[in-house]
Every structure is written in structure tokens, then in C-alpha cells.
There are 2 protein chains.
Amino acid sequence: MIEIGEVTVPAATVARLPYYLRALRDLASRGVTTTSSTELAEASGVGSAQLRKDLSYLGSFGTRGVGYDVESLSSVITTALGLGSTHRLAIIGIGNLGQALANYSGYSSRGFEVAALLDVAPSVVGTRPAGGLVVEHLDALEEVLEREAVTMVVLATPGPPAQAVAERVVAAGVKEILCFAPVALQLPDDVVVRSVDVGGELQILAFHAAARAATAAR
Amino acid sequence: MIEIGEVTVPAATVARLPYYLRALRDLASRGVTTTSSTELAEASGVGSAQLRKDLSYLGSFGTRGVGYDVESLSSVITTALGLGSTHRLAIIGIGNLGQALANYSGYSSRGFEVAALLDVAPSVVGTRPAGGLVVEHLDALEEVLEREAVTMVVLATPGPPAQAVAERVVAAGVKEILCFAPVALQLPDDVVVRSVDVGGELQILAFHAAARAATAAR
DNA sequence: TAGATTGTTAATCGATTAACAATC
DNA sequence: TAGATTGTTAATCGATTAACAATC
């Protein structure tokens, strides 16, 4: 459960809010102005009861017998997700993945802005992989985070340095981290870490493939 | 719950097995041969009771009073995850992200092999972004999947074409998909889709940041 | 009014945690 | 044997689902 202002929202619900927002924007772009929990749930890949329950944690935004106004529900979720103000990101580790993340174009439409790129490799520091920003040296981490008023860090370093870098990030006051390094970061409880592990996802698929094969064999 | 052979493993447990495997390999690489549920759990970022419970679904592999043999537990999990045989991947969509995924070096150590790269852009088809493989045209999807005996697909296309491409992939017999496109794929129930949504992860972090700010303000 | 759809309640289900007997 | 640590049971907790009264 996560408290925000007066309300408390289950973590599982928070994790689904981005899906709803994405589906709403998609509906809006197709000219749909009103939707139902059934339609929106299908577009989000969840059940309609789940959707209504999730929205009920944020308040009551629909009209019985009618449905939801796409535009206003969209802005309710945008506000709940804290996307009203822009979040400034630093990407640390400008390898293959870091470069791809730096080049990703969807940030601004989602309320984010890449404010800094950092790495340690002499071959990368000083270059402009995404056209705009220059990669700065990790030595200047604290200075850069403060200068650019960074509030979130994307950690795309290899595994071994990740823990030490994360500790410096936290010491500099940034408490929201998206981690691509394949390690379990040990950080204070008030720091929020979301981890993306591509290799792990593939392994989970492999488990399902093995389960499929084992079941088919019987 | 997921059945595999005689056993049934909760989905939440399956999702943690990669963490345990990663931690075990890390311990092994540091020369540790025996570990305890406490040590392994800490390295994996979970509680020790959770770890023991999770392992209990697979069987009983420790020695009371002693702990677990790192090497043998590692191979138990490797087998459970179906990593005994190599899984052949096709990456579809060779943009920024697809290139980064193609260049990622950790596949072989984790039991995967990139067998094909596909795209539609004339500027990309025919090039060799990862040094080895040539990007083939999506028109030849079915042929390529069969020729290379692909068993899993990594979908790194933009959102709009993702659904149609996924349907072709499934029709060609591939039922394990890792999707990076920001859409909720509508596919038959026996197809397993894992989705990675970087934008969504950032939005979840933004929610936590907003919750932090709201709580601090009171 | 009749039909449709929300918001909420209550029941079910699954996951986590703590505690401890078994046992090395 | 004494100490340590597993594997499992039982209790708790959180999440999902179904059903329906409220109401537009």
C-alpha cells in the first residue's frame, strides 16, 4: 500500500495505472471521447472489475449508465501518477542500452526529460550519443545531479559498479531509481528502486516453454 | 500457478527464480561453495522465509544445519527454468532498442542465442548491427522463424504494428514473446507474453515521488 | 421509464511471513 | 551432544473476482 495525500493505493494498482493511461491516450488519439470499464479494461489487458476497483482507490470519476470521459479520466490518472510536473532524469552508463535509452523519444510526452548522461569510459565521455547532451564523467556525478536538478536516475551500468554508483546517487538525494543492472541493490527503505531485467524475463519465458513441453509430453 | 511435470509452482515464485540463479552465480564466482537461506536471500533481495518457501516448490535441496551447495542448487534452478537447452531468439524491430538488445552480450551465459534479426526499414534491412547477423525483412518472418528454429521472439517494434506482428509470430508457432512495445497484446491464452515498459516503470517511480512529496508536505 | 454501467461489498484466491519441529 | 539451519505448517496479509445495489 502506498499513501498519497489522504488516499492509500495498493502497489498492484499503481503498477497498472500506466496501462490505463496508455489505453486512454490511445482511445483519445482515435477520437473516442467516452469509454466504458469494459472497453478500457480490454484495451489495457485487465478485467473490467479490476479496472473499476483500481479507479475506486483514486476516487469516483465515471457516470453510472454512461461510462467515463476519456479526457478527464486521462487527466485524473496523469495527476495521480505525478506527471503534472516534469521529472528530470540522469542516465548513468552509456553503453548499448544507455544509448538506446538516451535516444528514446517517448519521454517528453510522458512527463520526463533526460537532463544528463554519465559514464566513465574515455571513449564515451565528451560524445553526444543522442544528438543533444554531452556525456559527462561519473566523477562529477554529485555536481551534475545538483546542477540539473535531477530527481530520478536510470542506472544502466554493468552489474559490478551498480551498487556503489547507486549509493552515491542516494547520498546526493535522489531516491527514485530505475535499475537495468542485474543486481539486487541494497539501499535504505525509503529509496524506491524499480528493476528491469531483460535476461530474467527471458528466463521466465523459458520456464513457461519448459512447462509447455513437459505438459505436452504427457 | 504453473504446472511443470508433476509439480506446480506459483507464478510469483517463478518470477523470483532468476534472482536466485543470478545470486548463486555471483556467489560461485566469488568462490563461495556453500550458502544459507539467509545469505542467499539477502543477495537476492528477498526474505529468507520467502526463499525457502520458493525452493520448497521445486523440492528439497539443502542440508539442515548446513545450508545449500551453491553449485548443485544453481543447477537445480537452471534445470527448473528450462535453461538446459539453448533457446533461439528472433529480435523484431531493429531500432535503438532492438540494436541494443542485439548487441547485448549476456545471452549465451544465460542459455539464449540470437538467431535472427528482422525489420522493415530499407535503411536497416541488410545491415549487420551486431557484427554477426544480417537484418532480414519482416516479409520473410515465417520463413526465417522456421529456418532458424526460433522458439522465442523479442518484439521491439513501435506500438502500432506490434499486434499484427505478434499475430503472425503466434500463427508461425512461436508462443513465448517478450514485448517492449507499449501495447497490451491480444493473443490466445496459451501464448505467454512478458512485457517490459520503460515508460511505465518511470511513471510508477513518479507516483512514488509524488507520494513522497505529498507526505512530506503534511 | 427501461437499459446501461458504475462503485462497492463480500467472497475467494494467492502470496507472504513467522514460527518451529525435524534433522544434519 | 549442542548449535545451526532447513522444510513445512499455520496465520496473516493483500489482491482479484463476482455480484449487485445505486443511479444516470
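Note: the structure precedes this text.
Keep in mind that this is a model prediction, so the values were computed, not measured. (Residues numbered from 1 in each chain as written. Chains lettered and ligands numbered in written order. Predicted model: local features only at pLDDT ≥ 70, side-chain atom pairs only at ≥ 80, totals over all residues. Heavy atoms only, no water.)

1. A word on the interface of chain B and chain A
Bring the parts together and some accessible area is lost; that lost area is often taken as the interface size.
Line of reasoning, step 1. Counting residues at the interface gives 67 residues for chain B and 67 residues for chain A.
Line of reasoning, step 2. In total, chain B and chain A occlude about 5,800 Å² of area from one another, counting both sides; carbon and sulfur atoms represent 66% of this.
Line of reasoning, step 3. Contact with chain A buries surface across chain B, with Gln203, Leu205 and Phe207 of chain B losing the most and accounting together for 13% of the total.
Line of reasoning, step 4. Joining chain B to chain A, the criterion identifies eight salt bridges. (Contact = heavy atoms within 4.5 Å. Buried area = accessible area lost by both parts, 1.4 Å probe. Salt bridge = Lys/Arg side-chain N within 4 Å of Asp/Glu carboxyl O.)

2. What to know about the relation of the copies chain B and chain A
Line of reasoning, step 1. Expressed as a screw transformation, the operator carrying chain B onto chain A has a rotation angle of 180° and an axial translation of 0.0 Å, and the superposed copies differ by an RMSD of 0.0 Å. Seen this way, the second copy is the image of the first under a two-fold rotation axis. Closest to the rotation axis within chain B is the C-alpha of alanine 100 of chain B, separated from it by 3.2 Å.
Line of reasoning, step 2. When the interface residues of chain B are mapped onto chain A, 100% of them again fall at the interface, so both copies present the same face. (Least-squares fit on C-alpha atoms with pLDDT ≥ 70 in both.)

3. Regarding the protein's contact with DNA strand C
Line of reasoning, step 1. In the vicinity of DNA strand C, 25 residues are found, and the nearest of them are Ser37, Gly62 and Tyr68 of chain A together with Arg16 and Arg64 of chain B.
Line of reasoning, step 2. Atoms of DNA strand C within 4 Å of the protein: sugar and phosphate make up 62%, bases the balance.
Line of reasoning, step 3. Serine 37 of chain A has a polar side-chain atom sitting 2.5 Å from a phosphate oxygen of DNA strand C.
Line of reasoning, step 4. In the environment of DNA strand C, a base nitrogen lies 2.8 Å from a nitrogen or oxygen atom belonging to the side chain of arginine 64 of chain B.
Line of reasoning, step 5. Secondary structure elements with two or more residues in the surface near DNA strand C: helix H3 (48-58) of chain A together with helix H1 (11-29) and helix H3 (48-58) of chain B.
Line of reasoning, step 6. Take the surface near DNA strand C: its biggest share by element is four residues, from H3 of chain B.
Line of reasoning, step 7. Taken together, the residues that form the surface near DNA strand C break down as seven nonpolar, 11 polar and seven charged. (Near = heavy atom within 4 Å. Polar contact = N/O pair within 3.5 Å; in protein donor to acceptor, adjacent residues only side chain to side chain. Helix = DSSP H or I, 4+ residues; strand = E, 2+ residues; numbered from the N terminus. Nonpolar A, V, L, I, M, F, W, Y, C, P; charged D, E, K, R; others polar.)

4. Section: the side chain of aspartate 54 of chain B
All names here are of chain B.
Line of reasoning, step 1. Residue placement: aspartate 54 occurs in helix H3.
Line of reasoning, step 2. Looking at aspartate 54, its side chain comes within polar contact range of the side chain of threonine 13, at 2.7 Å.
Line of reasoning, step 3. Once you skip the residues sitting within four places of it in the chain, aspartate 54 turns out to touch Thr13, Arg16 and Tyr20.

5. So, the packing of aromatic side chains
All names here are of chain A.
Line of reasoning, step 1. Counted under the stated rule, the structure contains two aromatic pairs over all chains.
Line of reasoning, step 2. Note on tyrosine 104 and tyrosine 107: the rings are 5.0 Å apart at their centroids and 85° apart in plane angle, and the pair reads as edge-to-face.
Line of reasoning, step 3. A relative accessible area of 6% places tyrosine 107 in the buried class. (Phe/Tyr/Trp six-rings, centres within 6.5 Å; stacked < 30°, edge-to-face > 60°. Buried < 20%, exposed > 50% of the residue type's maximum accessible area, 1.4 Å probe, protein only.)

6. Overview of the nonpolar core
Line of reasoning, step 1. Judged by nonpolar contacts, the single largest core of 95 residues is most densely connected at Ile77, Ile91 and Leu202 of chain A together with Ile77, Ile91 and Leu202 of chain B.
Line of reasoning, step 2. The element best represented in this core is helix H8 (residues 198-216) of chain A, accounting for eight residues.
Line of reasoning, step 3. Excluding its chain neighbours within four sequence positions, the residues that come into contact with isoleucine 77 of chain A are Leu17, Tyr20, Leu21, Leu24 and Leu55 of chain A. (Core = buried A, V, L, I, M, F, W, Y, C linked by side-chain atoms within 4.5 Å.)

7. What to know about the pattern of salt bridges
Where charged atoms from two side chains of opposite charge come close, those side chains can pair.
Line of reasoning, step 1. With the rule as written, the count across this model stands at 24 salt bridges over all chains.
Line of reasoning, step 2. The partner of arginine 16 of chain B in a salt bridge is aspartate 54 of chain B, and the shortest N-O contact between them spans 2.7 Å. Taken as a pair, arginine 16 of chain B in helix H1 and aspartate 54 of chain B in helix H3 lie far apart in primary sequence, 38 residues in all.
Line of reasoning, step 3. Note on aspartate 54 of chain B: relative accessible area 2%, which makes it buried.
Line of reasoning, step 4. Two residues, arginine 147 of chain B and glutamate 136 of chain B, come together in a salt bridge whose shortest N-O distance is 2.7 Å. Linking arginine 147 of chain B in helix H6 (residues 141-147) with glutamate 136 of chain B in strand E7 (residues 135-137), this pair joins segments that are 11 residues apart in sequence.
Line of reasoning, step 5. Each member of the salt-bridge network shares a partner with another, and the members are Arg88, Glu113, Glu136, Arg147 and Glu148 of chain A.

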